[in-house]
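The chain contents come next:
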Amino acid sequence: RVGPQTLLDKHEAKKEQKGKYPYRTGAIEEDYEVGQDLGAGQFAVVKRVRHRKTGKFYAAKYIRKRKVKTSRRGVPQEEIEKEIAVLQDLDHPRIVKLRESWNTANEIILVLELVSGGELFDYLAEREQLTENEAAGIIKQVLETISYMHELKIAHFDLKPENVMCLPGNVPAGGAPKIKLVDFGLSQRCDLGIEVTAMHGTPEFVAPEVLAFEPIGLEADLWSIGVITYILLSGCSPFQGDDKAETFQRIAQMDYSFDDEDFAGVSQDAKDFIEMLFTRNPLERATAKDCLKSSWIKRFTPEGVAI
Ligand SMILES: COc1cc(-c2ccc3ncc(-c4cccc([C@@H](O)NCCN(C)C)c4)n3n2)ccc1O
């Protein structure tokens, strides 16, 4: 094809050059001092580690390998390598960089760029809810990152406040912290024609097409961004029920509202933005690029709003 190389063309060209991913072997302790646990999931724990030669700190994600196909413990190696492949392919300031991976007897260890400002989940917990400018500043960064990923036809598929990490440092009053996305364990390429149906994700944040076992694509990320925006502005989760079944039912029925008390003082622009994302038909749902042009996002001022 003649003409300027698109981001996708460059991405495809880079992929051609890449061989099989080279693991480090031996004991990670040879190269790194292993420090405190930063967080843990079902089959993984993230620890802070310090590179002995340079003194630099990193986040090491220890993922337990599934040894036997029929076992329910651990993660199959090919699934872990999907996350490695996605992390290798992505190059963006708001996405954590993969430095290297180690293959040991029981685990695969991803050594990743450390993000030490904590999860957005905790940032929000300390503030109950955010001003519209703070929320728009965060969502704008998520949209810019997802817009980049979607140009490469890669979906995150597990967007939630726990997977948005904040960088340390002062935040201008009324502004927003700088963020980076983490946890690409469910990420998938979504080229046209590839049916991605079975998916897990986190109940509160999954799109209705996931629950209906319809083919899912990049649009599912935009639904999740709608849920995150609703939570940042109100402190409440739009579809959360007493249990998973009730949550799923509320999503399938699009059963949500803008409660007057929870949304007191929240602009119509903000509600219109959320409604653009809570669109049942994925093909009619706003894309990341549509959202970046919305008046609610364009209103954001980095230096915060004069109080
Ligand atoms: C947990 O999975 C990943 C974490 C990371 C990552 C990268 C840099 C980094 N700096 C700090 C942290 C960090 C700090 C506290 C908790 C966690 C993590 O356990 N919780 C976030 C995701 N969670 C919902 C599993 C991660 N991380 N986590 C990257 C890819 C992953 O698949």
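We now turn to the structure provided with this report. (Residues numbered from 1 in each chain as written. Predicted model: local features only at pLDDT ≥ 70, side-chain atom pairs only at ≥ 80, totals over all residues. Heavy atoms only, no water.)

1. Some points on the overall build of the chain
We apply this condition: Note on conventions: DSSP H or I runs of at least 4 residues are helices, E runs of at least 2 residues are strands, and numbering of each starts at the N terminus. The atom set for the radius of gyration is the C-alpha atoms, and the globule formula is 2.2 Å times the number of residues raised to the power 0.38. Only protein chains enter the accessibility calculation, which uses a 1.4 Å probe. A residue is then buried if its area is under 20% of the maximum for its type, exposed if over 50%, and partly exposed in between. Between two residues, a contact is recorded if the distance between any of their heavy atoms is within 4.5 Å. Surface exposure here means Shrake-Rupley accessible area, sampled with a 1.4 Å probe, where a residue is shielded only by the protein chains that are shown.
Check the secondary structure of the chain and you find 10 helices and nine strands. Taking 2.2 N^0.38 as the reference for a compact globule, 307 residues should give roughly 19 Å; the C-alpha atoms of the chain span a radius of gyration of 20 Å, in line with that estimate. Along the longest, intermediate and shortest principal axes, the C-alpha atoms of the chain span 60 × 50 × 45 Å. For the chain, with 307 residues in total, the buried portion stands at 46%. Put simply, of all contacts in the chain between residues at least 6 apart along the chain, 65% involve residues at least 24 apart. Total accessible area on the chain stands at roughly 15700 Å², and carbon and sulfur atoms take up 51% of it.

2. Here's the deal with helix H2 (residues 77–89)
Every α-helix carries 3.6 residues per turn, so stepping three or four residues along brings you back to the same face. The cut-off we apply is this: To estimate how far a helix should extend, the number of its residues minus one is multiplied by 1.5 Å.
Its 13 residues give H2 an end-to-end C-alpha distance of 18 Å, which sits within 8% of 18 Å, the value for a rise of 1.5 Å per residue. Turning to H2, its buried residues are Ile-80, Glu-83, Ile-84, Val-86, Leu-87 and Asp-89.

3. So, unusual backbone geometry
Unusually for a residue other than glycine, Phe-157 sits at a positive phi of about 70°. Within the secondary structure, Phe-157 is located in the loop between strand S6 (154–155) and strand S7 (164–166). Residue classification places Phe-157 among the buried residues on the basis of a relative accessible area of 4%. Unlike most non-glycine residues, Asp-183 shows phi in positive territory, near 60°. Examined against the element boundaries, Asp-183 turns out to sit in the loop between strand S8 (179–181) and strand S9 (188–189). On the accessibility criterion, Asp-183 (30% relative accessible area) is partly exposed.

4. Structural notes on the pairing of strand S2 (residues 44–51)
The following threshold applies: Strands are treated as partners if at least two bridges between them are detected by DSSP.
Here strand S1 (residues 32–40) runs beside S2; their pairing, made up of six bridges, is antiparallel. The residue bridging Tyr-32 from the neighbouring strand is His-51, located in S2. In this antiparallel pair of consecutive strands, S1 and S2, the connection spans three residues. Note that S2 and strand S3 (residues 57–64) share seven bridges and pair antiparallel.

5. Thoughts on the site of the ligand
Note the cut-off: When we say a residue is near a molecule or strand, we mean one of its heavy atoms is within 4 Å of it. By the criterion applied in these results, polar contacts are pairs of N or O atoms within 3.5 Å in which, for protein atoms, one can donate a hydrogen and the other can accept it, and in which residues neighboring in sequence qualify only through two side-chain atoms.
Taken together, the neighbourhood of the ligand is formed by 19 residues, with Lys-61, Glu-83, Val-115, Glu-119 and Asn-163 sitting nearest. Contact distances for the ligand include 2.7 Å between an oxygen atom and a side-chain N or O atom of Lys-61. Contact distances for the ligand include 2.5 Å between an oxygen atom and a side-chain N or O atom of Glu-83. Considered on its own, the ligand offers 600 Å² of accessible surface; in the complex 90% of this is hidden by protein.

6. A short note on the sheet that holds S3
Cut-off, in case you're wondering: Here an angle of 0 to 180 degrees is reported between the N-to-C directions of two axes, which are lines fitted to C-alpha atoms, with helices fitted over the stretch in contact.
Here we have five strands laid out as an open sheet, ordered S1-S2-S3-S5-S4, and antiparallel in their pairing. The open sheet has two edge strands with one neighbour each: S1 and strand S4 (98–103). Strand-to-strand, the axes of this sheet are offset by a mean angle of 25°, without reference to chain direction. Lying on the sheet, H2 is in contact with S3, S4 and strand S5 (107–113); it crosses S5 at an angle near 15°.

7. Observations concerning the packing of helix H6 (residues 219–234) against helix H8 (residues 268–277)
Cut-off, in case you're wondering: Should an angle lie under 35 degrees it is considered roughly parallel, over 145 roughly antiparallel, and from 65 to 115 roughly perpendicular; all remaining angles are considered oblique. Left-handed describes a crossing whose near helix is turned anticlockwise from the far helix by less than a right angle; the clockwise case is right-handed. Gly falls in the polar group here, along with every residue not listed as nonpolar (Ala, Val, Leu, Ile, Met, Phe, Trp, Tyr, Cys, Pro) or charged (Asp, Glu, Lys, Arg).
Interhelical geometry of H6 versus H8 gives an angle of 150° and a closest axis separation of 8 Å. One element, H6, and the other, H8, form an angle in the roughly antiparallel class. The chirality of how H6 crosses H8 is left-handed. For the pair formed by H6 and H8, the contact residues are Leu-222, Trp-223, Ile-225, Gly-226, Thr-229, Tyr-230 and Leu-233 on the first element and Ala-270, Phe-273, Ile-274 and Leu-277 on the second. The residue makeup of the contact of H6 with H8, split by class, is nine nonpolar, two polar and no charged.

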